[in-house]
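This is what each chain is made of:
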Amino acid sequence: SKWSQSIMAACARVLGLLRPLAASATSLASLSTSIMVRQTHLPQLSKTALPVFVQRASMSTAAPQAAEHVEENFQEVAEEPLVREPLYAWVSDFNAEKYESKVGMMQLNDAIFGVPLRSDLLQRVVIYQRSLLWKGNAKTKTRAEVRGGGRKIYKQKGTGRARAGSLRSPTRRGGGVSHGPIPRDHSIRMPRKIQEFAIRVALSSKLQSGDLTIVDNLDLTSHKTKDLVSKLSEHGMRSVLLVTGATAATTLVRAAANIPKCKAITQNELNVYDILHKRSLVLTKAAVAHIHATLAPRRRGGRVLPPYQPQEPFFVSSSSSPASAPTPAPTPTPTPAATTSENQAV
């Protein structure tokens, strides 16, 4: 009919007007998508998001080369190395005096010692560790477990008193306890990745607050408690956690056993609760190497990271700052020609 033909003509006119607007909108969407991929940092953009961008770009009718452009930009971002400023810390001699103890510097992994503070994770892991220490052996006896109370106290009727059946009722003195505690397990579960990240946060907080000290070793010449107390007082430490290598020296364990606010543990026993419970943290170089090997993140932005290889501790003067400390130059090897001329001269 004429009515239907007029409606179809009006719809065709409206579609003709909307077609250029749709083409411009799709071109703007593809342009914004390419800019987003170019400006997005790699840790926030993983390879799992690439098919979504490619699919959206391929569905647009304005630019058929949008998918290839997005993929090229993603490859450029993926190949860019993640460069961060190096993190350094002083290496001290524990047996020397405080102002003469700095003997060198070493580089730290910023993914372990440069993590932002997350107090929520620290609180969760501390509750988890304290739940493991909760033995849960509290026990009370019910009316069935209390000795005695096997007969009826007095007759049911005629006394004017309330009905009573047992002398060990919870309402009577010497009776059982109703709804009392029983032995149970109070421990909770915590993912391993959250525990590892919480340790990184705790180590970073100690480094940022200036309470982290790295020493060559913790080998003491004497097992006397007063000698260790004097060493700690020279370094200005009262509440301290000493972390050694794979094994702790017997002299250190004996000396620290009688100090109330001092605790000595090995590198495998490092945990969040002990780090936060003590004011100062002392790590040996072996413990730092173990932390770099075990706590370094394995993935970042969907990529598998290579093992962290820190630089060897290099010796500098104590007056230089950590940021401007130079890396020691390698020792030059003599060339064969120079060696021959020196032999001839000899």
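Here, the structure is the one placed above.
One structure accompanies this document, and this report is about it. (Residues numbered from 1 in each chain as written. Predicted model: local features only at pLDDT ≥ 70, side-chain atom pairs only at ≥ 80, totals over all residues. Heavy atoms only, no water.)

### Considerations on the pattern of salt bridges
Our working rule: Think of a salt bridge as a Lys or Arg side-chain nitrogen and an Asp or Glu carboxyl oxygen that are within 4 Å of each other. Helix and strand assignments come from DSSP, with helices taken as H or I runs of at least 4 residues and strands as E runs of at least 2, each series counted from the N terminus. Note on exposure labels: buried denotes an accessible area under 20% of the residue type's maximum, exposed denotes more than 50%, and partly exposed covers the range between, all computed with a 1.4 Å probe on protein chains only.
Counting across every chain of the model gives seven salt bridges. Measuring nitrogen to oxygen at the nearest pair gives 3.2 Å for the salt bridge that ties D274 to K263. With D274 in helix α9 (residues 272-277) and K263 in strand β5 (residues 262-265), the pair connects residues that are eleven residues apart, well separated along the chain. On the basis of relative accessible area, D274 is assigned to the buried category, the value being 10%. A relative accessible area of 33% means that K263 is categorised as partly exposed. Among the ionic contacts, a cluster of salt bridges with common partners joins R192, E196 and R200.

### A short note on the nonpolar core
Here is the rule: Joining through side-chain atoms within 4.5 Å is the link that ties buried Ala, Val, Leu, Ile, Met, Phe, Trp, Tyr and Cys residues into a set, and such a set is a nonpolar core. Every residue pair with non-hydrogen atoms within 4.5 Å of one another is taken to be in contact.
In this structure, F113, L203, V243, L270, L281, L283 and I291 are the most contacted members of the largest nonpolar core, which totals 34 residues. Ranked by residue count, the leading element in this core is helix α6 (residues 192-209), at six residues. With sequence-adjacent residues up to four places away left out, L281 is seen in contact with L203, K206, D211, L212, T213, L241, V243 and I275.

### Considering unusual backbone geometry
For H179, which is not glycine, the phi torsion reads 60 degrees and is therefore positive. If you trace the backbone, H179 turns up in the loop between α5 (119-133) and α6.

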